[in-house]
Amino acid sequence: MEEAKLTDPFIKGWLDYLAFALSGLDAAGTLGAAVAFTMGDLYRPGASLDYPVGGSGAVIDALVRGIERHGGTVRLSTHVERINVDESGRAVGVTLRSGEVLPASAVVSNADAWATVKLLPETARPVPRPRQGGALNSGMAKTDSFMHLHIGFRAAEGELQAMKACGMGLGIHYSVVLDDFEDICKDNNMVIISIPTLLDPGLAPEGHHVLHAYYAADEPYTPWAGLDRRSEEYAALKLERAKPLWAAVEKLIPDIKERLVVEMVGTPLTHERFLRRTEGTYGPPLFAPGGGGETIPYAGTPVPGLLHCRFVENKADVAGQSGSTG
């Protein structure tokens, strides 16, 4: 942008927005190739944003079928307590919280770098490298977390029919900027909203929709640290921090609360608990200026036999945001 001497404030804001939608960082901190690729997709004639039939669960089911077809087994609610390493320093399996030991020729982790390192014996942990990139680097900075709003609501008469007939009325995907378009990284400024039932009504009971709204990479962990998820304090904080999400949704559907049937709010503690995200982090800011992002951490790690497949919404995984349903 600087080389092109771009000065138009809207275009600069639009490119910052696209960068933020991909990486949670503005244009100055996002890999240019990712934005160029997205621009090509976004403006291709006839381009559209859609969802898998059956929702994200259908993608998971397909992955499970593939694993089982090749002789694999999928276990749910099976907490890994530690990664086992032999005398030579090679990862040789895992020990579960139940005490069961699962031997393996290779171990693959998609917990974040900080959590994965803690699963290793201290003698096998890679040395932290502050302000550098690289695989399993627990010295990298952590970006902030997410807030999510998942709701189910009664459909208005003709909503789905209008969408199918001419694309008018309620749409499937929105980005709502609540405050300043020129400061897209401002806390809780941009909210992404998806309503996939406009394409696949089977994702909700007849006559209803599901909606997902979230802001990513700008929800701090500090207010949530140490809270009991069952406490009144936690419930009150969820309501308070979800207000921008509701404000964005109400811009699109002013009477949404009158049509509300189900409401669920996800927080940094939700990400920490269910996704093993340290402090609910979105990931490392690998491409931030001066952040040492000259290398991308691929699956290989300094520990033989241990592969690290990062969570798809890390900052570096810039292709993982479009149409995400959390």
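Since we're looking at a predicted model, the values are computed, not measured. (Residues numbered from 1 in each chain as written. Predicted model: local features only at pLDDT ≥ 70, side-chain atom pairs only at ≥ 80, totals over all residues. Heavy atoms only, no water.)

Peer 1: Let's hear about the sheet that holds strand 7 (residues 190–194): which residues, and what values?
Peer 2: Strand order across the open sheet formed by 5 strands is 6-7-8-5-9, with antiparallel pairing between neighbours. The sheet is open, and its two edges are formed by strand 6 (173–177) and strand 9 (260–266), each paired on a single side. With direction set aside, neighbouring strand axes in the sheet form an average angle of 15°. Strand direction decides the pairing type here: strand 5 (residues 145–154) and strand 9, joined by 6 bridges, are antiparallel. Pairing of Phe153 across the sheet is with Leu260, part of strand 9. (Pairing = 2+ DSSP bridges. Helix = DSSP H or I, 4+ residues; strand = E, 2+ residues; numbered from the N terminus. Axes fitted to C-alpha atoms, helices over the stretch in contact; angles between N-to-C directions.)

Peer 1: Account for the environment of Cys309, naming residues and giving values.
Peer 2: Note that Cys309 resides in the segment after strand 10 (306–308). For the pair Cys309 and Ser109, spaced 200 residues apart in sequence, the C-alpha separation works out to 6.0 Å.

Peer 1: Can you tell me about the confidence of the model for the protein, naming the residues and giving the values?
Peer 2: Scored by pLDDT, the protein has a mean of 85; 87% of the residues are at 70 or more. When pLDDT is averaged over each helix and strand of the protein, the minimum, 54, is found for helix 5 (residues 159–166) and the maximum, 98, for strand 2 (residues 91–96). Across residues 288–295 the pLDDT falls below 50, and counting only partners more than four positions away or on other chains, this stretch makes 16 contacts in the model. Segment residues 311–326: pLDDT under 50, and 49 contacts once partners within four positions in sequence are set aside and those in other chains are kept. (pLDDT = per-residue confidence, 0-100. Contact = heavy atoms within 4.5 Å.)

Peer 1: Help me get a handle on the pairing of strand 8 (residues 208–219), residues and values and all.
Peer 2: With 10 of 12 residues buried, strand 8 is to be regarded as a mostly interior element. The pairing of strand 5 with strand 8 spans 9 bridges and is antiparallel. Across the sheet, residue Ile151 finds its bridge partner in strand 8, namely Leu211. When strand 7 meets strand 8, the two strands line up antiparallel, connected through 3 bridges. (Buried < 20%, exposed > 50% of the residue type's maximum accessible area, 1.4 Å probe, protein only.)

Peer 1: Let's hear about the pairing of strand 7: which residues, and what values?
Peer 2: Strand 7 sits mainly inside the fold: 5 of its 5 residues count as buried. Across 5 bridges, strand 6 lies against strand 7 in antiparallel orientation. By the bridge assignment, Tyr174 is partnered in strand 7 with Ile193.

Peer 1: Break down the packing of aromatic side chains for me, citing the residues and quoting the values.
Peer 2: What the rule picks out here adds up to 4 aromatic pairs. Aromatic pair Phe146 and Tyr214: ring centres 6.2 Å apart, planes at 40°, arrangement tilted. In this pair, Phe146 sits in strand 5 while Tyr214 sits in strand 8, placing the two residues 68 residues apart along the sequence. Pair check on accessibility: Phe146 and Tyr214 agree, each one buried. Ring geometry for Trp224 against Tyr234: centres 5.7 Å apart, planes inclined by 75°, an arrangement best described as edge-to-face. Of the two residues, Trp224 is situated in the loop between strand 8 and helix 6 (232–241) and Tyr234 in helix 6; the sequence distance between them amounts to 10 residues. Of the residues examined, Trp224 reaches a relative accessible area of 0% and is grouped as buried. (Phe/Tyr/Trp six-rings, centres within 6.5 Å; stacked < 30°, edge-to-face > 60°.)

Peer 1: Report on unusual backbone geometry, specifying residues and quantitative values.
Peer 2: Even without a glycine there, the phi angle at Asn188 is positive, about 55°. With respect to the helices, strands and loops of the structure, Asn188 is situated in the loop between strand 6 and strand 7. Look at Arg276: it is not a glycine, yet its phi comes out positive at around 50°. Tracing the backbone shows Arg276 in the loop between helix 8 (268–275) and strand 10. The class for Arg276 is partly exposed, based on a relative accessible area of 28%.

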